[in-house]
Number of protein chains: 2
Amino acid sequence: MVDEKKVNQVVEARNGFELPLLLFAGFRSIIDALHRDLAEHGHPETRPAYGFALQAVGPDGAAISEIGRRLGVSKQAAGKTVDKLETLGYVERAPDPADGRRTLIRLTPHGVDLLTRSAEGFDRLRAEWARTLGEDRLNALERDLRTMAPGGAFRLDAAGWFTG
Amino acid sequence: MVDEKKVNQVVEARNGFELPLLLFAGFRSIIDALHRDLAEHGHPETRPAYGFALQAVGPDGAAISEIGRRLGVSKQAAGKTVDKLETLGYVERAPDPADGRRTLIRLTPHGVDLLTRSAEGFDRLRAEWARTLGEDRLNALERDLRTMAPGGAFRLDAAGWFTG
DNA sequence: TAGGATCGACAACATGGTTGACGAAAAAAA
DNA sequence: TTTTTTTCGTCAACCATGTTGTCGATCCTA
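Residues numbered from 1 in each chain as written. Chains lettered and ligands numbered in written order. Predicted model: local features only at pLDDT ≥ 70, side-chain atom pairs only at ≥ 80, totals over all residues. Heavy atoms only, no water.

The name an unreviewed UniProt entry gives chain A is MarR family transcriptional regulator, with Streptomyces parvus as the organism.

What follows is the structure in C-alpha cells.
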C-alpha cells in the first residue's frame, strides 16, 4: 500500500513551481467567476483591469494624475484609461472648482453599481470558499498570505505588471 | 480587552475583496523575487511572460502553432513571441525534417539555463515559505488551493488574460 | 490523385503602455 | 507683488503584444 502522505511530500518537494501557479489559479478563478456574474447583471464589457481602475477612482473621485499614481502608470496612460471608462459610462469628467488645472473624475451610478456588485460578488465567493474549506482554514490561508506578501493586498498597480 | 478572534472575523467578513488581492500579491511576490534573482544571474531582460512561453516550448521543442495553442493565443501571436525569444537568445529555429511546413522551436543552452535557474529559484522560494509558515501550513495552503482551483496550476495562458 | 486541412508568414489594425513637449494654472521663492 | 518653479491634462510619436484575414507550401485523406 502506498503512503500517500509521503508521496505528496516528495511530489511537493520537487515542484516548487506549483506554488505560484496555484496562487495565480486561485486569483484567476475568483476573478473569472466574478466577471461571469457581472456580465449577467448589466456589465458585460467589464474587464478585470477596469475594476482596478474604478477602485483607483474611489467613491470621492480623483484627479487623473492621482489615478495614474495609484495604478502605477503615467498620467497619460491614466488619461487613456479614463477615456475608456467614460465611453463605457462608468465615470464622468467634471472641472475642479478649487483647482483650474484639475479634471475631477467621478463614478457615475453605473460605476457605483459595478463596485457595489463586485463587493457583493467577492463576499459571496469568499463565502463559497469558506463553505468548502471551512472558515478556519480560509482564515489561516489569508493570514499566511498576509505574512508572506505584506502590504501586497492593497496595491492596485496590477494591470501592466505581468508583461512589463 | 478586545477579542481579537472576533475582530478578525468581522474584518474578514466585510472584506471579501481581500482574498483575491492576497492570492495575487502572493503570486506577484514570488515572481518578483524570482526575477530579481534571474536578473542577477545572466537573465536581466527576462519578463514573467517569457518564462511561460519557454515552458510552452518545453525541453523537446515545439512547432509555433503548438506553442500558440499551449499559450492560448493565435499562431501569429506565438510567432511574434518566438521572434522575441530568438532575438534574446532563448530559442532557435530549425526545419522539421519530418514535416516541411513546420518550423521546430528548440531551447538554446541559454533557454535551458533560464528554465533550470527558474526551477531552482522556485524551489528555494517555496523553502522560504516553508521556513516561515511551517511545512504543514504550506502543504495545507497548496492543498486548499488545489481544491478551489482544480487544474488551474498547469495552464500557461496567463499573459493576456488580465487585460483581455 | 484531387480536395481539404494545417503550417508559418505577411499585412493591417486595436489596445494599452511609454517618453517628450506644451500651455494653463497653482505654489513657492524672490 | 512679481518671478520662478512645479503640477495638471493633453497631444504626438512610438513600442509591445494581441487580433483577423490572406496566402503559398506542404501534408493528409477520401
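Still more to cover.
Here we look at the interface of chain A and chain B
The test is simple: In this description, contact between two residues means that some pair of their heavy atoms is separated by no more than 4.5 Å. The term buried area means the drop in 1.4 Å probe accessible area that two parts suffer when joined, counted for both and summed. A pair is scored as a salt bridge if a Lys or Arg side-chain nitrogen falls within 4 Å of a carboxyl oxygen belonging to Asp or Glu. Polar contacts, as used here, are pairs of N or O atoms within 3.5 Å; protein pairs need one atom able to donate a hydrogen and one able to accept it. Residues neighboring in sequence count only if both atoms are side-chain atoms. Residues are sorted three ways: Asp, Glu, Lys and Arg are charged, Ala, Val, Leu, Ile, Met, Phe, Trp, Tyr, Cys and Pro are nonpolar, and all the rest, Gly among them, are polar.
Every contact between the two is made by 55 residues of chain A and, on the other side, 54 residues of chain B. Summed over both partners, the interface of chain A with chain B buries about 6,100 Å², with 69% contributed by carbon and sulfur atoms. For chain A, the biggest contributors to the area lost against chain B are M148, W161 and F162 of chain A; these three give 13% of the whole. Where chain A touches chain B, the interface holds 6 salt bridges. We note a salt bridge from D144 of chain A to R137 of chain B, for which the minimum N-O separation is 2.5 Å. For the interface between chain A and chain B, the tally reads 12 residue pairs in polar contact (both at pLDDT 80 or more). Considering only residue class, the side of chain A that touches chain B consists of 30 nonpolar, 10 polar and 15 charged.

Looking at the relation of the copies chain A and chain B
Note the threshold: Here the copies are superposed with least squares, the fitted atoms being C-alpha atoms of residues at a pLDDT of at least 70 in both.
Superposition record for chain A on chain B: RMSD 0.1 Å, screw rotation 180 degrees, translation along axis 0.0 Å. Those values place the two copies in the arrangement expected of a two-fold rotation axis. For chain A, the minimum C-alpha distance to the rotation axis belongs to L23 of chain A and amounts to 2.6 Å.

Remarks on helix 7 (residues 135–148) of chain B
For clarity, the threshold we go by: In this text, helices come from DSSP runs of H or I with a minimum length of four residues, and strands from runs of E with a minimum of two, each type numbered from the N-terminal end. Here a helix's expected span is defined as the number of its residues, less one, multiplied by 1.5 Å. Each residue is assigned to one of three classes by its accessible area relative to the maximum for its type, calculated with a 1.4 Å probe on protein chains only: buried under 20%, partly exposed between the two thresholds, exposed over 50%.
The first and last C-alpha atoms of helix 7 of chain B sit 20 Å apart over 14 residues, in line with the 20 Å expected at 1.5 Å per residue. Taken together, the buried positions of helix 7 of chain B are L138, N139, A140, L141, E142, D144, L145 and M148 of chain B.

Some thoughts on the protein's contact with DNA strand C
Operational definition: Here a residue counts as near a molecule or strand whenever at least one of its heavy atoms sits within 4 Å of it.
Taken together, 22 residues lie near DNA strand C, and S74, Q76 and K80 of chain A together with S65 and K75 of chain B sit nearest. A breakdown of the atoms of DNA strand C within 4 Å of the protein gives sugar and phosphate a share of 56%. Here a phosphate oxygen of DNA strand C and a side-chain polar atom of S74 of chain A are 2.8 Å apart. Contact distances for DNA strand C include 3.0 Å between a base oxygen and a side-chain N or O atom of R101 of chain B. Take the surface near DNA strand C: its biggest share by element is 4 residues, from helix 5 (residues 75–87) of chain A. In terms of residue class, the surface near DNA strand C is built from 6 nonpolar, 7 polar and 9 charged.

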